[in-house]
Amino acid sequence: MKSKNLHKIKKSIKPTILKGFFGFFLFAVCIISTGCGKNESSESIHFKLENTKGGRTCNELPDTLFLNQLLKTGVEKRKTNKDSALNCFNEIGKLCLPVISNAGIHQKQKLVYSSIYINALNKAGLVYYFVCNYDSAMHYFQSASNWSEKAGTRLLLAESLFNIAEVHLELGNFEKANELYSESETIYRENGDVLSVFYCFNSLGILYKLQGDYFKALEFYGKAFSIVDSLNDESGKAYIYNNIGNIYKSRGEFSKAMENFDKAYQIFTQLNELLPMSDCLNNMGDISKETGNYHRAISYYKNSLTIADEAGDKYRKVGLYENLGEVYTIISDFGQAGNYFEMAISQAEKIGDRLRLAGCLKNYGRLYEKQGAFEDANKYYLKALTLASEFKNRKEMADINIALATNAFARGMISEAGTFARDGYRISEEIGAKNEKKQALKILSDIYLFKGDSSKAFVYFKAYSEINDTLASISQLETIETIETRHQLKETESENLLLKAESETRLQKLKLNKTVAFALAFGLVLLSAIVFLLYKRIQVSRILFQQNEEINRQKVQELNLEIDFKNRELTAKALHLAQKDEMIGNISERLHGISGGNGNANREINSIIWEMKSDIQKNSWNEFEHHFLKVHPDFYHKLQERFPALSANEKKICAFLKLNLKTKEISSITGQSVKSIEVARTRLRQKFNLHPDENLNAFIGSF
């Protein structure tokens, strides 16, 4: 399980679907059709052990050379014909198990056959692992672990434990994966297997990255890099550069991320390692997408796809189709986005990667959601959740539950949204997935705010803010420690210089008379006291400054938290006004419907309807504007200074966009049609002279 693609870039290659499982009786077919054996007589694949003392001949034992060739052939066939590979591995079990269980066979001979059999079990497990059949993979890996313990083969035990950890990592069982990686690393280190220690450190880096603990991930990547650097393994260094780039990408440090991806890409290009080159281009596309350069992102993704297609790597193609679908979704080219998501789904179904299929369905649901088709989006989310639950991939389950919660909230299904949000929070809490936990807390805050339970909403929002700050602190910790290290180094250099000066002064003092020596000594002591006092004063000032900075930071954080919460409360108020206006409108319509009897009564009803309708929009806007100006008192003034030609209606629209209200919600509050609001948005973009890639809400939010 130590292939570069699996361990050095975790999300890389998962080949084509496993089509079936042949029985032991097909060994002859395996020999003929897959080349697992040679056209030899039975004597050529067995040998006889003779008792030299008694002249007796023991039972025939399988030829170990033949078994090792069978193992090698199975590994080679794994990428092209998995059925034949499994056939080879199962045949090894058929030949080795009778020897291992035979009490008459010498222990050393048993150990040889046990080792071959354990290797076959691990290789068979990999066949299932690469097609995401984690239950079958775990069965073989666990069997290999059990047999390794029986045989006392520590290195094979370490490999089996490592493989089991890989399955737990894929399923989101981070705590168990961490435990097994560490146990495996200990065994490898005790036995001097440095390269295998590298794989353990690399996988631990991947694990902490998935948990959002980027500082810890960088720590293990650094350990892994030290090993391959000492071995002059350029390919290994390139893989670590790529993984470190992914850390910086997750932390939003895109220039550092691109620098590491480029280093990896240059090395892989020199070594002509095509598939890792494809991964680097894919990651560069991610950076371009995150920085808003969507056309460049598409170019990177398509170049990566070309390499993966030429190499016949269908697993990578699924991921690249997904990425292209996401970019086209962002730029609102929904036709292209839909095509790529459909290709991703089709490809995942063909190769039988049902776990990856869950991710494709989830992203397809997000495409529908962006187009306002919330019901269709919900159907795809539910399908994705079923698949993720089937494979017990709790990280994916947490993410999909949060997507379902957001979708239900948008559809007004508040109770359903709460259920999904709580499930997402519970799962993310169990596996230690901090990002998903943060998202779950945010949606729970929004749900309780909508219900009118401000106190509970604030509790969830505060928890959301705290975990958000924690993630930011983790990502900044490395930078802080680097600065502190530099500062300590400078202080040490200063102290060394001071000691050197003191030493020179003492040497000179010996050449002077007693009076001069005393004066110099006194002066030196005085100078040292002054320097010490100045140092202490600077140190105290620095501590006070840091304390004041921390107090100010906390105050700013509390103010930002309060403003953010008031914005949410204001949004909820606007939606409440829209619901009230809609209710009054319905009452008016009903009064209209029952008028038609007495003439005077009709006139009175019509007069009441006219008064109610005339006051609806005015009262709603006045009440909203009153609350809005309390939170954003300078908004209209700043807007008027920059764009004095805006009409009153356009200013109203800007106020609603400041709160990130959707077109339909603005329509409900203002009484205008959805089409009118969309036209107003277009006119605002023209007046603001915005580029097509610029976001209108983000621009207005800057005022």
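It should be emphasised that the depicted structure is a prediction, and the values quoted were computed from it without experimental measurement.

Draft legend 1. Broad picture of the nonpolar core. Cys-96, Tyr-134, Val-167 and Tyr-181 are the most contacted members of the largest nonpolar core, which has 90 residues in total. The element contributing the most residues to this core is helix α5 (residues 107-129), with 11 residues. In this structure, Ala-348, Leu-357, Ile-443 and Ile-447 belong to the second largest nonpolar core, which totals 47 residues.

Draft legend 2. Fine view of the packing of aromatic side chains. For the structure shown, the criterion picks out 27 aromatic pairs. Here Phe-409 and Phe-450 contribute two aromatic rings whose centre-to-centre distance is 5.8 Å and whose plane-to-plane angle is 80°, an arrangement assigned as edge-to-face. Here Phe-409, found in helix α19 (residues 394-410), pairs with Phe-450, found in helix α21 (residues 434-451); they are 41 residues apart in sequence, far enough to count as distant. Look at Phe-699 and Phe-703: their rings are 5.6 Å apart centre to centre, the planes differ by 80°, and that puts the pair in the edge-to-face class. Counting every residue linked through ring pairs, the aromatic cluster contains Phe-341, Tyr-364, Tyr-368 and Tyr-380. The ring centre of Trp-147 lies 4.7 Å from the NZ or CZ of Lys-150, which sits over that ring.

Draft legend 3. Representation of the packing of helix α9 (residues 194-211) against helix α10 (residues 214-230). Orientation of α9 relative to α10, taken along the N-to-C sense of each, is 160°, at an axis distance of 8 Å. One finds that α9 runs roughly antiparallel with respect to α10. Helix-helix and strand crossings are classified by hand; for α9 and α10 the assignment is left-handed. Packed against α9, whose contacting residues are Val-194, Val-197, Phe-198, Phe-201, Asn-202, Leu-204, Gly-205, Ile-206, Tyr-208 and Lys-209, the element α10 presents Tyr-214, Lys-216, Ala-217, Phe-220, Tyr-221, Lys-223, Ala-224, Ile-227 and Val-228 at the interface. For the contact of α9 with α10, the residue count by class is 14 nonpolar, two polar and three charged.

Draft legend 4. Here's a closer look at the pattern of salt bridges. Here the structure, examined in full by the defined rule, presents 26 salt bridges. A salt bridge links Glu-253 to Lys-256; the nearest nitrogen and oxygen atoms lie 3.4 Å apart. Owing to a relative accessible area of 21%, Glu-253 belongs among the partly exposed residues under this scheme. The partner of Glu-322 in a salt bridge is Arg-356, with the nearest N and O atoms 3.1 Å apart. A residue pair is termed long-range when its members are at least 10 positions apart, and Glu-322 in helix α15 (residues 314-330) and Arg-356 in helix α17 (residues 354-370) qualify at 34 residues. Its relative accessible area of 7% is what places Glu-322 among the buried residues. Connected through shared salt-bridge partners, Lys-362, Arg-366, Glu-396 and Asp-399 make up one network.

Draft legend 5. The confidence of the model for the protein chain, seen in detail. On average, residues of the protein chain carry a pLDDT of 80, and 79% of them reach 70 or more. Low confidence marks residues 1-58, where pLDDT is under 50. Its contacts with residues over four positions away, or in another chain, come to 154 contacts. Across residues 475-493, where pLDDT falls below 50, the model places 12 contacts with residues more than four positions away in sequence or in other chains.

Draft legend 6. Up close: the side chain of Lys-110. Examined against the element boundaries, Lys-110 turns out to sit in helix α5. No salt bridge is formed by the buried Lys-110; the nearest opposite charge belongs to Glu-149, separated by 17 Å. Once residues within four sequence positions are removed from consideration, Lys-110 is found in contact with Val-99, Ile-100, Asn-102, Ala-103 and Ile-105.

Draft legend 7. Looking closely at unusual backbone geometry. The phi angle at Asn-272 is positive, at roughly 60°, despite the residue not being glycine. Structurally, Asn-272 can be placed in the loop between α12 (254-271) and α13 (274-290). Classification of Asn-272 by relative accessible area gives exposed; the value is 56%. With a phi close to 55°, Asn-689 is a non-glycine residue in the positive phi region. Its place among the elements puts Asn-689 in the loop between α28 (674-687) and α29 (696-701). Judged by relative accessible area, Asn-689 falls into the exposed class, the value being 68%.

Draft legend 8. Structural view of the side chain of Lys-289. Tracing the chain through its elements places Lys-289 in helix α13. Its relative accessible area of 12% is what places Lys-289 among the buried residues. Looking at Lys-289, its side chain comes within polar contact range of the side chain of Glu-326, at 3.0 Å. Not counting chain neighbours up to four residues away, the residues in contact with Lys-289 comprise Tyr-294, Ala-297, Tyr-301, Glu-326, Val-327 and Ile-330.

Conventions used here
- Residues numbered from 1 in each chain as written.
- Predicted model: local features only at pLDDT ≥ 70, side-chain atom pairs only at ≥ 80, totals over all residues.
- Heavy atoms only, no water.
- Core = buried A, V, L, I, M, F, W, Y, C linked by side-chain atoms within 4.5 Å.
- Buried < 20%, exposed > 50% of the residue type's maximum accessible area, 1.4 Å probe, protein only.
- Helix = DSSP H or I, 4+ residues; strand = E, 2+ residues; numbered from the N terminus.
- Phe/Tyr/Trp six-rings, centres within 6.5 Å; stacked < 30°, edge-to-face > 60°.
- Lys NZ or Arg CZ within 6 Å of the ring centre and 35° of its normal.
- Axes fitted to C-alpha atoms, helices over the stretch in contact; angles between N-to-C directions.
- Parallel < 35°, antiparallel > 145°, perpendicular 65-115°, else oblique.
- Left-handed = near helix turned anticlockwise from the far one by under 90°.
- Contact = heavy atoms within 4.5 Å.
- Nonpolar A, V, L, I, M, F, W, Y, C, P; charged D, E, K, R; others polar.
- Salt bridge = Lys/Arg side-chain N within 4 Å of Asp/Glu carboxyl O.
- pLDDT = per-residue confidence, 0-100.
- Lys, Arg positive; Asp, Glu negative; His and termini not counted.
- Polar contact = N/O pair within 3.5 Å; in protein donor to acceptor, adjacent residues only side chain to side chain.

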